[in-house]
Amino acid sequence: MKLSILDPLVVPRGSTSGGALRTAITMAQQAERLGFTRYWIVEHHDVAFEANPAPEVFAAALAGATSRIRIGVGGVLLNHYSPYKVAEAMRTLNALFPGRIDVGIGRATAGPLADRALKRLREIELPDDHAQRVEELIGWLGNDLPPASPFHGIGIMRDEPPGPLPWILAVSEESAQRAAMLGLGLACSAFHKPEQAPHSMAAYRAAFRPSTYAAGIAAPQAFIAVRVIIGETPEEAERLAMPVRAVFRQRRKPERIMVEHLPTLDEAVAIMGGMVPAGDEDWPAFLVGTPAGVKARLRRMADTTGVEEFMIQDFLDDPPLRLRNYELLAREFELER
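A short tour of the structure in this document, coming up. Everything quoted here is computed from the prediction, not taken from an experiment. Within each chain, residue numbers correspond to sequence positions counted from 1 in written order. A pLDDT threshold of at least 70 governs which residues receive local features in this predicted model, and a stricter bar of 80 or more applies before side-chain atom pairs are shown or counted, although totals over entire chains, interfaces and linings include all residues. Think of the side-chain values as coming from all heavy atoms in the structure, minus any hydrogens and water.

### A closer look at the overall build of the protein chain
Reasoning step 1: In this description a helix means any DSSP run of H or I spanning at least four residues, a strand means any run of E spanning at least two, and both kinds are numbered starting from the N terminus. From N to C terminus, the protein chain includes eleven helices and nine strands.
Reasoning step 2: Based on C-alpha atoms, the radius of gyration is set beside the globule rule, defined as 2.2 Å times the residue count to the power 0.38. Since a compact globule built from 337 residues should have a radius of gyration of about 20 Å, the 20 Å found for the protein chain is in line with a globular shape.
Reasoning step 3: Expressed along its principal axes, the backbone C-alpha trace of the protein chain runs to roughly 60 × 45 × 35 Å.
Reasoning step 4: Relative accessible area decides the class of each residue, using a 1.4 Å probe on protein chains only: under 20% of the type maximum gives buried, over 50% gives exposed, and in between gives partly exposed. Taking all 337 residues of the protein chain together, 52% fall into the buried category.
Reasoning step 5: Contacts spanning at least 24 positions in sequence make up 74% of the contacts within the protein chain whose residues lie at least 6 apart.
Reasoning step 6: When charges are tallied, Lys and Arg are placed among the positive residues and Asp and Glu among the negative ones, while His and the ends of the chain are skipped. By convention, charge coordinates are those of NZ in Lys, CZ in Arg, CG in Asp, or CD in Glu. Computing the positive centroid from 37 side-chain charges and the negative centroid from 42, the protein chain places the two 1 Å apart. The contact criterion used is simple: two residues touch if any of their non-hydrogen atoms lie within 4.5 Å.

This is the structure we're talking about:
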């Protein structure tokens, strides 16, 4: 089984966004040393305790500081941007670091005000043309837009090979099927509706067709992203998970509470109304336990879906603790270095 990392770049208390970015560079180097397959970074806007609103920029620093691990812009919220401009940035990364860059293609709201700030035309309600924008982006990545495209006559670095490798970020079966029909990789999220992951994976495998685009793939490739909090004991894992549980509860509230930092354990217990046990659901929102326990749960998920790679997100704000946990996981899973 392969393991990868999805880093939200949480800013520790007492640190700064710049400090969190520099810590992430060190963490990516350590992840490469430990045998992790990918190191992806997310795009979030107006989140006070996350340091990376521009992953397409920071990916260059990560790739430049490492030599083997795949670096992912995971992902581009394409509902906010021009596919052409996104493709120019991604093709530049691919030219600098050939064969090592992934691009995850998604859509999301950053909140009403941030969404409006990201728009060029702020007084106009634009149509939902996400599917067409995805296809246009894939065409730019391989310089093979169809002849019917109004942009067929222009390209991006035509002297470079196709790429980077595109992945569709999917929660639902509909998004998984889009990835399959286009012949793209599937980055299946088990964050928001984890119980949907087996259905999305099944839909992807059933509908997959080899891509007609140069940047696509000929056979299915997929991983499942999960939130994992581990400890050397079950009790430690449950304690570490409490601030993570609390911050996501706050985020889900309709009034969109502004969270300046991850809560302390005591604050988290107050928010949650007490300690929350790890739980034993087949597809939990937070996979909490010892390295051996987490491995057993991921093995069961792999047996259910046929997936051979999991991308883990820990959301802790203590860099030494995070590194210790990655070392524990690498040892438990016997990752190849």
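Still more to cover.
### Digging into the pairing of strand E9 (residues 309-313)
Reasoning step 1: Taking burial as the measure, the five residues of E9 include five buried ones, the bulk of the element.
Reasoning step 2: In E9, alternate side chains face the same way, and those of Glu309, Met311 and Gln313 on one face and Phe310 and Ile312 on the other are all buried.

### So, the pairing of strand E1 (residues 2-7)
Each regular strand shows side chains that alternate between the opposite faces of the sheet.
Reasoning step 1: A large share of E1 lies buried, amounting to five of its six residues.
Reasoning step 2: Pairing of E1 with strand E2 (residues 38-41), which is carried by three bridges, proceeds in the parallel orientation. Bridged to Ile5 within E2 is Tyr39. We treat two strands as partners when DSSP finds at least two bridges between them.

### Notes on the packing of aromatic side chains
What describes a pair of aromatic rings is the distance from one ring centre to the other and the angle between the planes of the rings.
Reasoning step 1: What counts as a ring pair is set by centres within 6.5 Å for rings of Phe, Tyr and Trp (its six-membered ring), and what kind of pair is set by the plane angle: stacked under 30 degrees, edge-to-face over 60, tilted for all other angles. Scanning the model with the defined rule gives ten aromatic pairs in all.
Reasoning step 2: Their ring planes at 55 degrees and their centres at 6.1 Å tell us that Phe248 and Phe286 sit as a pair that is tilted. Of this pair, Phe248 sits in helix H8 (residues 234-252) while Phe286 sits in the loop between helix H9 (265-272) and strand E8 (287-289), and the two are 38 residues apart along the sequence. By the burial criterion, Phe248 is buried, and Phe286 matches it.
Reasoning step 3: These aromatic residues form a ring-pair network of at least three members: Phe49, Phe248, Phe286 and Phe315.
Reasoning step 4: In this scheme, the term charge over a ring applies when either NZ of a lysine or CZ of an arginine sits within 6 Å of the ring centre and within 35 degrees of the ring normal. Sitting over the face of the ring of Phe191, Arg227 holds its NZ or CZ atom 4.2 Å from the ring centroid.

### Some thoughts on helix H11 (residues 319-333)
Reasoning step 1: With 15 residues, H11 ought to run about 21 Å at 1.5 Å a step, and its terminal C-alpha atoms sit 21 Å apart, in line with that.
Reasoning step 2: The complete set of buried residues in H11 reads Leu321, Arg322, Asn325, Tyr326, Leu328, Leu329, Ala330 and Phe333.
Reasoning step 3: Taken from the residues just after H11, Glu334 is the one with a positive phi, measuring 55 degrees. The length a helix should cover is 1.5 Å for every residue beyond the first.

### Let's talk about the side chain of Arg227
Reasoning step 1: If you trace the backbone, Arg227 turns up in strand E7 (residues 222-230).
Reasoning step 2: For salt bridges, the criterion is a side-chain nitrogen of Lys or Arg within 4 Å of an Asp or Glu carboxyl oxygen. Glu50 provides the closest opposite charge to the buried, salt-bridge-free Arg227, at an N-O distance of 7.5 Å.
Reasoning step 3: What Arg227 contacts, discounting residues up to four positions off in sequence, is Phe191, Phe248, Ala285, Phe286, Leu287 and Gln313.

### Considering the packing of helix H3 (residues 83-96) against helix H5 (residues 130-142)
Reasoning step 1: Lines fitted to C-alpha atoms define the axes, with helix axes restricted to the stretch in contact, and inter-axis angles between N-to-C directions lie between 0 and 180 degrees. Where H3 contacts H5, the two axes come as close as 9 Å, and the packing angle between them is 35 degrees. Between H3 and H5 lies a crossing whose hand is right-handed. Of H5, the residues touching H3 (which contributes Pro83, Tyr84, Val86, Ala87, Met90 and Arg91) are Arg133, Glu136, Leu137, Trp140 and Leu141.
Reasoning step 2: Under the grouping applied here, Gly and all other residues not named as nonpolar or charged are polar, the nonpolar ones being Ala, Val, Leu, Ile, Met, Phe, Trp, Tyr, Cys and Pro and the charged ones Asp, Glu, Lys and Arg. Classifying every residue of the contact of H3 with H5 by side-chain character gives eight nonpolar, no polar and three charged. Crossings are sorted by hand: turned counterclockwise from the far helix by less than a right angle, the near helix makes the crossing left-handed, and turned clockwise it makes it right-handed.

### Let's talk about the nonpolar core
Reasoning step 1: Phe36 and Tyr39 are the most contacted members of the largest nonpolar core, which has 86 residues in total.
Reasoning step 2: Considering every element that reaches this core, the biggest residue donor is E7, with seven residues.
Reasoning step 3: Every residue in contact with Tyr39, bar those within four places of it in the chain, is listed here: Ile5, Asp7, Ala24, Met27, Ala28, Ala31, Leu62, Ile69, Arg70, Ile71, Gly72 and Arg322.
Reasoning step 4: Throughout this description, the term nonpolar core refers to a set of buried Ala, Val, Leu, Ile, Met, Phe, Trp, Tyr and Cys residues connected via side-chain atoms within 4.5 Å. Counting residues in each nonpolar core, the second largest holds 16 residues, with Ile229, Leu240, Phe248 and Val288 among its members.

### Quick look at empty space enclosed by the protein
Reasoning step 1: With a 1 Å grid laid over protein atoms only, a set of points is called a cavity when a 1.4 Å probe fits there but cannot get out and a pocket when it is open yet has protein on both sides within 12 Å along at least five of seven lines; lining residues have an atom within 4 Å of a point. Grid points are joined across faces, edges and corners, and a volume is the space filled by probe spheres set on the points. This structure, assessed with the given rule, holds two cavities of 30 Å³ or more.
Reasoning step 2: Those elements giving two or more residues to the lining of the largest cavity turn out to be helix H1 (17-34) and H11.
Reasoning step 3: At three residues, the largest contribution of residues to the lining of the largest cavity is made by H1.
Reasoning step 4: Among the residues making up the lining of the largest cavity, the classes are represented as seven nonpolar, one polar and four charged.
Reasoning step 5: Taken as a whole, the second largest cavity holds about 60 Å³ of empty space.
Reasoning step 6: Forming the boundary of the second largest cavity are Val228, Ile229, Ile230, Ile312, Gln313, Asp314, Leu316, Asn325, Tyr326 and Leu329.
Reasoning step 7: Residues belonging to the lining of the second largest cavity are distributed by class as follows: seven nonpolar, two polar and one charged.

### Some points on the pattern of salt bridges
Reasoning step 1: Throughout the structure, instances matching the rule amount to twelve salt bridges.
Reasoning step 2: The salt bridge partner of Arg38 is Asp102, with a shortest N-O separation of 3.0 Å. A residue pair is termed long-range when its members are at least 10 positions apart, and Arg38 in strand E2 and Asp102 in strand E4 (residues 101-106) qualify at 64 residues.
Reasoning step 3: By relative accessible area, Arg38 is classed as buried at 6%.
Reasoning step 4: Shared partners join several salt bridges into a network, and the residues in it are Arg38, Arg70, Asp102 and Glu309.

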